[in-house]
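Residue-level listing of the chains:
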Amino acid sequence: MERVALHNLGCKVNAYETEAMQQRLEEAGYCIVPFGEEADIYIVNTCTVTNIADRKSRQMLHRAKKQNPQAIVVAVGCYVQASKEECEADAAIDLIVGNNKKKDIVRIIEDFKRERKIMETVIAINDTKEYEDMPIARLENHTRAILKIQDGCNQFCTYCMIPYVRGRVRSRELDSILEEASALAEQGYKEIVLTGIHLSSYGVDQKEGKETLLSVICGLHKIPKIERIRLGSLEPRIITEEFVETIAGLPKVCPHFHLSLQSGCDSVLKRMHRFYSTEEYLEKCTLLRRYYRDPAITTDIIVGFPGETEEEFLCTKEFLETVSFFEMHIFKYSKRFGTKAALMPDQVSEQVKAKRSSQLLCLEKELSNRYRERWIGQETDVLIEEIVEIDGFFYWIGHTMEYIKVAVKIGDSFKREGENQEKTDKKIGQIVRVKLTGKVLEDTLSGRIEVGN
């Protein structure tokens, strides 16, 4: 039996697709082994969102070939789609597979083994209207289930490669989504995480009377064994009165909203080709807070975008404080060949990017701590995900609906063995009522399980 090792880089969509490829390979009789072990075939699902992502993709491919020079090394996904010629010229890579071809991974590998030559496995992604349906039957080592419902993006932000490597918006059929979600719920997954390349665009490619993201959410809410629905990254424009009023009436929807921002300065947003102003963005956050009690609002920020002046940066910093996010993912602008931003004048130096990034990371820590501290003393539901050791004690680790990380101490005498372990392990995958009591780590609140749980 041939051994296959898979490694995933990048977003939740990539993670979902890696799981799907693994299951197809298992069904075909391959033995899946950890990436650090010797294998006959190595598959790296690559990312190209930044220069660092490109570099990591190359590093993992080269590491695979070094581990076993006789192995077939397969580069898959976005880096391949963006840099096909570079991948073809790389001696460490034996086979390249672009996006919308991952569902055919078994056939592609079998053809390569038989012919020992590369077939055409990278399509013109911008020309396809096909959604690559890759349903999965299970997820390894997860207590929540990622569910991909959409691919592609029509936005063409000036800094972004994604539309060029993922193509135009393509939406999955609603029946297919609900069928997979029902199967996952039957396996015991209580939380479904909706993901896509541009989730808010779900349905825009469909005909009149099309389904929308709201249709998907409402459909999932009717599945009895699903207890939580968590939304992936959203565009601010989808946050309308109708949208928020509807989901606020669906108690399974987690009050955790990742609203893409990128900059808190209107002039920078215009250069980025974003379709909202800071005033409009703040209105969306205010709307969410009107319907939900202290929802968790998170975002992404790019510092050092071409032409960003010190005044524009300070404008962004002030806006972030005004919104008061729970968490912010801070990225230094990465120049991507083929995008409009790469040709813009006044590129910001790496030193300035680093300085600004450092300031926002400090602000992020301050705002994040402030949000967590507001929850101390309250009772809430926590999905238990794993058992970890902290400072010599064992804890159940999980997340609230707002995605606050919580650690619940198991007991001073706990040993991970025998009947005691079986009893405590049963909590994994369960939702329990917890009283939040303080902090055990910088990013983790402590709590105790309330009587009856």
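Every chain's residues receive numbers from 1 upward, in the order its sequence appears when written. Side-chain atom pairs in this predicted model are given and counted only at pLDDT of 80 or more, local residue features only at pLDDT of at least 70, and totals for whole chains, interfaces and linings cover all residues. Only hydrogens and water are removed before side-chain values are computed, so all heavy atoms of the structure are retained for them.

Another aspect to go through is the overall build of the protein. The number of helices and strands found in the protein is 14 helices and 17 strands. Throughout, radius of gyration means the C-alpha value; the globule benchmark is 2.2 Å times the number of residues raised to the power 0.38. On C-alpha atoms alone, the protein measures out to a radius of gyration of 23 Å, which is about the 22 Å that the 2.2 N^0.38 rule sets for 453 residues. Referenced to the eigenvectors of the C-alpha coordinate spread, the extents of the protein come out at roughly 65 × 60 × 50 Å. Burial status follows relative accessibility: with a 1.4 Å probe on protein chains alone, a residue under 20% of its type maximum counts as buried, one over 50% as exposed, and anything between as partly exposed. Across the 453 residues in the protein, those meeting the buried criterion constitute 55%. Whether two residues touch is decided by their heavy atoms; if any such pair falls within 4.5 Å, the residues are in contact. For the protein, long-range pairs separated by at least 24 residues make up 72% of all intrachain contacts whose partners lie at least 6 apart in sequence. Working note: accessible area of the protein is about 20300 Å², and carbon and sulfur atoms make up 49% of it. Counted as positive: Lys and Arg. Counted as negative: Asp and Glu. His and the chain ends are not counted at all. Charge positions are represented by NZ for Lys, CZ for Arg, CG for Asp and CD for Glu. Where the 65 positive side-chain charges of the protein centre and where its 72 negative ones centre are 1 Å apart. By the criteria applied, helices consist of DSSP H or I runs no shorter than four residues and strands consist of E runs no shorter than two, each listed in order from the N terminus. Areas reported here follow the Shrake-Rupley algorithm with a probe of radius 1.4 Å; residue values treat only the protein chains shown as occluding.

With that settled, consider the pairing of strand 4 (residues 72-77). In terms of burial, strand 4 is largely enclosed, as six of its six residues are buried. Should DSSP find at least two bridges between two strands, the strands are taken to pair. Bridge analysis of strand 3 (residues 41-46) against strand 4 gives six bridges, and the strand direction is parallel. Each bridged residue has a counterpart across the sheet, and for I41 the counterpart in strand 4 is I72. By the criterion used throughout, a crossover qualifies as right-handed when its path from the first strand across the helix to the second strand runs clockwise, the strands pointing away from the viewer. For the crossover that starts at strand 3, traverses helix 2 (residues 51-67) and ends in the parallel strand 4, the hand is right-handed. As judged from the three bridges shared by strand 4 and strand 5 (residues 95-97), these two strands associate in the parallel manner. Bridge assignment links V76 to a residue of strand 5, and that residue is V97.

Turning our attention to the nonpolar core. Core analysis: the largest hydrophobic core is formed by 75 residues, its most contacted members being I43, L194, L213, L220 and F243. Excluding residues within four positions of it along the chain, I43 makes contact with V4, A5, L6, H7, M21, L25, F35, V74, V76, I105 and I109. Note on terminology: a nonpolar core comprises buried Ala, Val, Leu, Ile, Met, Phe, Trp, Tyr and Cys residues joined through side-chain atoms within 4.5 Å. Core analysis: the second largest hydrophobic core is formed by 21 residues, F35, M60, I93 and V122 among them.

Turning our eyes to something else, we now look at the pattern of salt bridges. We define a salt bridge as a contact between a side-chain nitrogen of Lys or Arg and a carboxyl oxygen of Asp or Glu at a distance within 4 Å. All told, the structure shown has 36 salt bridges when counted by the stated rule. R228 is paired through a salt bridge with E191; the nearest N and O atoms lie 3.3 Å apart. In this pair, R228 sits in strand 9 (residues 228-231) while E191 sits in strand 8 (residues 191-196), placing the two residues 37 residues apart along the sequence. Classification of R228 as buried rests on a relative accessible area of 1%. Put simply, E17, K102, K148, D151, R166 and R170 are held in one network by salt bridges that share partners.

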